2 protein chains.
Amino acid sequence: MALDSVLARIDADLPQATERLLELLRIPSISTDPAYDAECARAADWLVADLRSIGFDAEKRPTPGHPMVVAHGDGPGPHLMFYGHYDVQPVDPLNLWNRDPFDPALEETPAGTVIRGRGSSDDKGQLMTFVEACRAWKAVHGSLPAKISFFFEGEEESGSPSLIPFMRENAQELRADVALICDTGLFGDNTPAIVTMLRGLLGEELTITGPSKDLHSGMYGGAAMNPIRVLARIIAALHDSTGRVTVPGFYDGVPELPEDIAAQWQALGFDHKEFLGEVGLSEPAGEQGRSALEMIWSRPTCEVNGIIGGYTGKGFKTVLPSQASAKISFRLVGTQDPAKIRQSFRAYVTSMLPPDCKVEFHGHGASPAGQMSIDLPAFEKARAALSDEWPNPAAYVGCGGSIPIAGYFKDVLGTDAMLIGFGKDDDAIHSPNEKYDLKSFHKGIRSWARILDALTK
Amino acid sequence: MALDSVLARIDADLPQATERLLELLRIPSISTDPAYDAECARAADWLVADLRSIGFDAEKRPTPGHPMVVAHGDGPGPHLMFYGHYDVQPVDPLNLWNRDPFDPALEETPAGTVIRGRGSSDDKGQLMTFVEACRAWKAVHGSLPAKISFFFEGEEESGSPSLIPFMRENAQELRADVALICDTGLFGDNTPAIVTMLRGLLGEELTITGPSKDLHSGMYGGAAMNPIRVLARIIAALHDSTGRVTVPGFYDGVPELPEDIAAQWQALGFDHKEFLGEVGLSEPAGEQGRSALEMIWSRPTCEVNGIIGGYTGKGFKTVLPSQASAKISFRLVGTQDPAKIRQSFRAYVTSMLPPDCKVEFHGHGASPAGQMSIDLPAFEKARAALSDEWPNPAAYVGCGGSIPIAGYFKDVLGTDAMLIGFGKDDDAIHSPNEKYDLKSFHKGIRSWARILDALTK
């Protein structure tokens with residue numbers, strides 16, 4: 001059987017595939033630091049050469065920032081577009097790493113073999129799962145089962161400034177029947193997942209000004225408005241006693257979970273005690289009457305991400321500050337409208353100001369929630385293929401964070417995207433000692449081979 | 001008349017008195033910076049020499065820190081002890097000064113002549129008012145009207161670590177019938193004041209811990225407890241809607257203002273619009289139904305002096321922080337007990353914690369309010385003497401800040417203290433371009449001559 005030969009080839013080639021990944025991981029392609037610009041270009045060159053070695057028509061394509069890698073391989077079936085990113089996060093604090101982040105290696109751990117190094121999970125290890133699946137397919141069959149394209153960017157960790165312009169300029173070339181994005185995780189050790197709900201994000205920074213300058217609390221305390229108190233009152237008022245957000249109109253467009261998805265989630269047996277226990281917590285702290293999975297996947301939130309005001313150094317200063325500020329973000333779901341919520345939030349905050357206080361707002365990006373088109377046959381095909389590879393069936397899951405790329409494929413190119421990945425919560429992405437399980441890498445490659453097969457049969 | 005001759009002498013000697021003050025101001029006696037240790041000693045030496053030149057038995061007395069200056073002069077009447085401090089605040093930011101802070105000079109301003117330089121108002125100019133009054137008295141009469149002592153410290157701006165030990169070790173020598181402290185201000189341009197109520201101070205720092213580490217708000221937002229929200233709720237709950245502090249038992253020991261003092265304050269015609277207008281405010285923000293003067297002088301307060309948590313740099317990070325903390329201070333009045341309030345505050349905060357949250361407290365000093373013994377005849381005598389010198393009658397006023405020295409005289413030595421000074425709100429003490437009005441200096445000297453006369457007649 002065609003697929004079995006490919007899977008066998010993947011198993012046999014795993015040591016070489018791992019060696020190739022280690023080679024890519026040795027390139028310190030940190031996109032946020034201009035000192036590593038040449039390394040980003042080198043990572044792009046490496047990918048171009050590797051894809052060409054499989055027979056792809058691959059190119060490094062310039063942008064005002066780091067280059068894109070675009071590659072095409074002909075085949076009979078539908079057009080599949082694969083997205084990943086070759087840039088990585090900075091590595092500081094370096095002293096918390098147990099080895100040079102760019103001298104990657106296999107390490108034996110109690111939980112199994114891991115590939116340790118910056119970018120192993122986010123996203124070089126993940127993007128290579130798809131490359132290796134194609135390599136094995138080509139090696140066994142001498143051809144690809146479909147028209148397959150690769151689209152790798154080098155600015156994902158620095159806000160993707162060139163992505164949308166590049167997609168617009170090359171829309172015809174990048175448009176596909178389906179986009180496959182490998183930058184997400186497994187649901188559990190043995191349970192693969194397809195992310196079908198992505199929360200949107202709205203960021204707001206507000207600065208409350210009371211007195212025109214910092215005052216001495218002995219001289220003015222009691223008579224002068226304290227902006228920290230005002231800010232605290234505003235933040236406290238953003239949630240009611242049941243944990244619901246009080247911004248007027250906030251829940252417009254927030255859907256209830258469809259019954260089939262609710263059933264899938266129920267079947268996942270998510271253990272919130274374990275999930276929260278890992279970070280020293282025990283009780284879900286969100287809206288009353290909602291499960292922990294709903295709280296992080298399908299319910300909107302309002303969080304304070306930062307607050308500062310007055311004297312915050314060592315010791316004590318009896319200052320009555322002129323200003324206090326906070327960074328607040330909203331995770332959005334369904335059809336919640338970021339622009340409307342921003343407007344409503346600002347009006348609501350302003351309505352709570354006491355006399356003599358001013359507020360200034362600074363917006364920090366706004367993206368609506370994403371909802372994948374799970375009615376497309378490709379979704380159920382991919383879910384079945386994943387379920388064949390892993391011990392437990394695959395689930396459609398939500399993702400609390402924002403992965404804007406899926407929305408860009410849809411909005412800019414009209415291409416539906418599937419988010420499938422093999423990362424794990426303990427991969428320490430963006431942190432010291434990042435790793436990717438060898439099992440994730442191996443079964444990830446096998447998963448893509450199965451999905452390729454399923455989508456092109 | 002004896003007093004008139006002294007006042008005439010003061011008027012005639014003003015240029016020389018000013019020159020002496022400028023000499024003292026040229027010594028950069030910054031007590032917080034060890035680089036200026038020798039300069040602190042030099043300021044003490046200068047004072048010793050100057051007091052000896054008037055005939056005082058003056059000595060520089062060592063301490064583990066900067067030296068004290070103690071001087072005695074014999075006379076027939078009661079024993080008057082005069083306190084001031086010769087150390088000054090640091091001068092940074094230096095670029096905001098219009099001249100070298102230690103190259104003092106007279107400057108003409110639209111509001112009159114000022115003595116510009118670090119320490120001119122706090123406290124070298126003020127302490128020299130008393131020295132000059134004694135010099136003039138001695139010059140005219142050849143003797144002092146009372147046993148007069150000086151007690152100058154050089155650590156007031158760095159927390160007075162040697163003060164209480166020195167007072168204890170030299171209690172017999174420093175005990176007096178009344179202590180006169182010149183480190184406060186006028187009520188208004190033409191209205192002198194005797195501070196008779198000093199608010200106490202209780203400082204508390206609290207840190208709320210939720211998750212055991214910083215989390216990604218996409219992954220955990222909604223399900224994990226956010227310590228900034230918890231802290232904001234606690235701070236918001238510290239005051240009720242009428243501005244009263246809600247800590248249980250907080251108002252135990254808070255007295256109502258005696259009617260005669262209330263009448264005096266009413267007569268001051270305090271313009272809260274002007275007071276608050278200078279700092280960009282208009283409405284007193286404290287307890288409903290209290291006047292602005294009550295709010296800053298005779299009512300207790302609870303202020304947040306600093307708050308920090310999460311990401312506070314430029315841009316946005318969707319962190320859900322592990323910790324958030326705040327520095328909170330209470331200004332105390334009457335017989336409010338700092339220890340009891342600390343305990344009650346901590347219990348109250350702890351009672352408001354949701355599940356999965358911890359709080360840690362760190363205390364930052366606690367001093368009860370001070371109430372001067374205005375029933376002593378010296379107070380009314382001094383008030384009458386001040387009223388003779390200035391256009392408007394003198395008032396007994398409160399002071400929102402903490403001036404611990406008055407309490408030390410009472411507690412350590414059993415000596416009642418009077419706080420009389422001639423500083424103004426716009427003197428910019430502790431700030432760039434500190435100044436002392438020449439009028440404050442001149443009429444301050446004359447005021448002390450009148451008070452000496454009144455207390456020894």
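Being a predicted model, the structure only gives us computed values, none of them experimental. (Residues numbered from 1 in each chain as written. Chains lettered and ligands numbered in written order. Predicted model: local features only at pLDDT ≥ 70, side-chain atom pairs only at ≥ 80, totals over all residues. Heavy atoms only, no water.)

Novice: Could you give an account of the pattern of salt bridges, naming the residues involved and the relevant values?
Specialist: Evaluation of the coordinates by the stated rule reveals 66 salt bridges over all chains. Of the charged contacts in the structure, one is a salt bridge between A:Glu19 and A:Arg26, with a shortest N-O distance of 3.5 Å. Between B:Asp426 and B:Lys435 there is a salt bridge, and its shortest N-O distance comes to 2.8 Å. Beyond isolated ion pairs, a larger network of salt bridges with shared partners links A:Asp189, A:Lys424, A:Asp426, A:Asp427, A:Lys435 and A:Asp437. (Salt bridge = Lys/Arg side-chain N within 4 Å of Asp/Glu carboxyl O.)

Novice: Explain the packing of aromatic side chains to me, using residue names and the numbers behind them.
Specialist: Residue and element names in this part refer to chain A. A full pass over the atoms with the stated rule returns 48 aromatic pairs over all chains. Each ring, one from Phe 82 and one from Phe 150, has its centre 6.0 Å from the other, and the planes form 75 degrees; the classification is edge-to-face. In this pair, Phe 82 sits in strand β3 (residues 79-85) while Phe 150 sits in strand β6 (residues 147-153), placing the two residues 68 residues apart along the sequence. A single burial state applies to Phe 82 and to Phe 150, both of which are buried. Taken together, the ring pairs in this structure connect Phe 56, Phe 82, Phe 130, Phe 150, Phe 152, Trp 390, Phe 422 and Trp 448 into an aromatic cluster. We note Arg 244 situated over the ring of Tyr 251; from NZ or CZ to the ring centre the distance is 3.9 Å. (Phe/Tyr/Trp six-rings, centres within 6.5 Å; stacked < 30°, edge-to-face > 60°. Helix = DSSP H or I, 4+ residues; strand = E, 2+ residues; numbered from the N terminus. Buried < 20%, exposed > 50% of the residue type's maximum accessible area, 1.4 Å probe, protein only. Lys NZ or Arg CZ within 6 Å of the ring centre and 35° of its normal.)

Novice: Go over the relation of the copies chain A and chain B with me, naming the residues and quoting the values.
Specialist: When chain A is fitted to chain B, the residual RMSD is 0.3 Å, and the transformation amounts to a turn of 180 degrees plus an axial shift of 0.3 Å. Here the two chains are linked by the operation of a two-fold rotation axis. Both copies share a contact surface, since 100% of the interface residues of chain A are interface residues in chain B too. (Least-squares fit on C-alpha atoms with pLDDT ≥ 70 in both. Contact = heavy atoms within 4.5 Å.)

Novice: Describe the nonpolar core, and please don't skip the residues or the numbers.
Specialist: In terms of nonpolar packing, the biggest core is built from 290 residues, with A:Phe150, A:Phe151, A:Phe409, B:Phe150, B:Phe151 and B:Phe409 touching the most fellow members. Once residues within four sequence positions are removed from consideration, B:Phe409 is found in contact with B:Met81, B:Tyr83, B:Phe151, B:Met167, B:Ala179, B:Ile181, B:Gly414, B:Thr415 and B:Ala417. (Core = buried A, V, L, I, M, F, W, Y, C linked by side-chain atoms within 4.5 Å.)

Novice: Give me the domain arrangement of chain A: which residues, what numbers.
Specialist: All names here are of chain A. Per the domain assignment, the segments making up chain A are domain 1 (2-198 + 370-456) and domain 2 (200-254 + 300-367). Between domain 1 and domain 2, the C-alpha centre-to-centre distance is 39 Å. Tallying the contact residues gives 4 residues for domain 1 and 4 residues for domain 2. Interface area, domain 1 with domain 2, both sides summed: about 250 Å², of which 32% is carbon and sulfur. Of all residues in domain 1, the largest losses of buried area upon contact with domain 2 belong to Leu 198, Gly 400 and Ser 402, amounting jointly to 84% of the total for that side. Remark: the boundary between domain 1 and domain 2 carries 0 salt bridges. Connecting domain 1 to domain 2 are 0 residue pairs in polar contact (both at pLDDT 80 or more). Partitioning the side of domain 1 that touches domain 2 into residue classes produces 1 nonpolar, 3 polar and no charged. (Domains from an automatic or database assignment. Buried area = accessible area lost by both parts, 1.4 Å probe. Polar contact = N/O pair within 3.5 Å; in protein donor to acceptor, adjacent residues only side chain to side chain. Nonpolar A, V, L, I, M, F, W, Y, C, P; charged D, E, K, R; others polar.)

Novice: Outline the sheet that holds strand β5 (residues 112-116) of chain B, supporting the account with residue identities and numerical values.
Specialist: Residue and element names in this part refer to chain B. A sheet is described by the order of its strands in space; here 3 strands give the open sequence β4-β5-β18, paired in antiparallel fashion. Looking at which strands have only one partner, the edges of the open sheet turn out to be β4 (105-109) and β18 (435-437). Between one strand and the next, the sheet's axes are offset by a mean angle of 35 degrees, whatever the strand orientation. The sheet contact formed by β4 and β5 spans 5 bridges and is antiparallel. (Pairing = 2+ DSSP bridges. Axes fitted to C-alpha atoms, helices over the stretch in contact; angles between N-to-C directions.)

Novice: I'd like to hear about the environment of B:Ala236, residue by residue, with values.
Specialist: Structurally, B:Ala236 is set in helix α7 (residues 227-236). The class of B:Ala236 is buried, set by a relative accessible area of 19%. Sequence-wise, B:Ala236 and B:Ile308 are 72 residues apart; in three dimensions their C-alpha atoms are separated by 15 Å. In this view, B:Ala236 contacts A:Ala232, A:Arg233 and A:Ala236; residues no more than four positions away in its chain are not counted.

Novice: Would you mind going over helix α12 (residues 377-389) of chain A in detail, with residue names and values included?
Specialist: Residues and elements named next belong to chain A. Here α12 is 13 residues long and its end C-alpha atoms lie 19 Å apart, about the 18 Å a rise of 1.5 Å per residue gives. Among all positions in α12, only Ala 378, Phe 379, Ala 382, Arg 383, Ala 385, Leu 386 and Glu 389 are buried. Buried residues in α12, looked at end-on, bunch into an arc of 165 degrees, giving them a common side. Within α12, the exposed residues directed more than 90 degrees away from the buried face are Pro 377 and Asp 388. Check the buried side of α12 and you find it contacts β8 (193-198), α8 (259-267), β16 (395-399), β17 (417-420) and α14 (438-456). (Expected span 1.5 Å × (residues − 1). Arc of directions from axis to C-beta.)

Novice: Please give an account of the packing of helix α3 (residues 124-141) of chain A against α14(A) that cites residues and values.
Specialist: Residue and element names in this part refer to chain A. One can describe the packing of α3 onto α14 by two numbers: an axis separation of 8 Å at closest approach and a directional angle of 55 degrees. Between α3 and α14, the angle is such that the two are oblique. The two elements α3 and α14 cross, and the hand of that crossing is right-handed. Residues Gly 125, Met 128, Thr 129, Phe 130, Glu 132, Ala 133, Cys 134 and Trp 137 of α3 form the contact with α14, whose participating residues are Ser 440, Phe 441, Gly 444, Ile 445, Trp 448, Ala 449, Leu 452 and Asp 453. Its residues assigned to classes, the contact of α3 with α14 comprises 10 nonpolar, 4 polar and 2 charged. (Parallel < 35°, antiparallel > 145°, perpendicular 65-115°, else oblique. Left-handed = near helix turned anticlockwise from the far one by under 90°.)

Novice: If you had to explain the environment of A:Arg61 to someone new, which residues and values would you point to?
Specialist: Within the element layout of this structure, A:Arg61 appears in strand β1 (residues 57-61). Among residues more than four places away in sequence, those in contact with A:Arg61 are A:Pro67, A:Met68, A:Val70, A:Phe166, A:Asn170 and A:Glu173.

Novice: Lay out the sheet that holds strand β9 (residues 200-209) of chain A with the relevant residues and their values.
Specialist: Spatial strand order, β14(A)-β9(A)-β13(A)-β11(A)-β11(B)-β13(B)-β9(B)-β14(B): 8 strands in an open sheet with antiparallel pairing. Because the sheet does not close on itself, it has two edges, and the strands there are β14 (358-367) of chain A together with β14 (358-367) of chain B. Adjacent strand axes in the sheet meet at a mean angle of 20 degrees when their direction is disregarded. Taken strand by strand, α7(B) contacts β11 (301-310) of chain A together with β9 (200-209), β11 (301-310) and β13 (323-332) of chain B, and its axis lies near 15 degrees from that of β13(B). Across the face of the sheet, helix α11 (residues 338-351) of chain B comes into contact with β9, β13 and β14 of chain B while running at roughly 165 degrees to β14(B).

Novice: How would you summarise helix α8 (residues 259-267) of chain B if you had to cite specific residues and measurements?
Specialist: Residue and element names in this part refer to chain B. Every buried residue belonging to α8 is among Ile 261, Gln 264 and Trp 265, and all of these are buried. End-on view of α8: buried residues confined to an arc of 95 degrees, all on one side of the axis. Relative to its buried face, α8 has exposed residues pointing more than 90 degrees away, namely Glu 259, Asp 260, Gln 266 and Ala 267. Taken together, the buried residues of α8 touch β8 (193-198), α10 (292-298), α12 (377-389) and β16 (395-399). Just downstream of α8 lies Gly 269, where phi reads positive at about 60 degrees.

Novice: Describe the interface of chain A and chain B, listing the residues and the values that go with them.
Specialist: If you look at the interface, chain A gives 72 residues, while chain B gives 72 residues. Taken together, both faces of the contact between chain A and chain B bury some 5,600 Å²; the carbon and sulfur share is 61%. Taken together, the links from chain A to chain B amount to 0 salt bridges. Seen at the junction of chain A and chain B, the total is 36 residue pairs in polar contact (both at pLDDT 80 or more).

Novice: Break down unusual backbone geometry for me, citing the residues and quoting the values.
Specialist: Of note, the amide linkage connecting B:Asp92 to B:Pro93 takes the cis form, showing an omega dihedral of 0 degrees. Here B:Pro93 shows up in the loop between β3 (79-85) and β4. Here the residue pair B:Asp122 and B:Asp123 is connected by a cis peptide bond, since its omega of 10 degrees sits within 30 degrees of zero. Positionally, B:Asp123 belongs in the loop between β5 and α3 (124-141). Even without being glycine, A:Asp356 reaches a positive phi, approximately 70 degrees. Relative to the elements of secondary structure, A:Asp356 occurs in the loop between α11 (338-351) and β14. For A:Asn433, which is not glycine, the phi dihedral falls at a positive 65 degrees.

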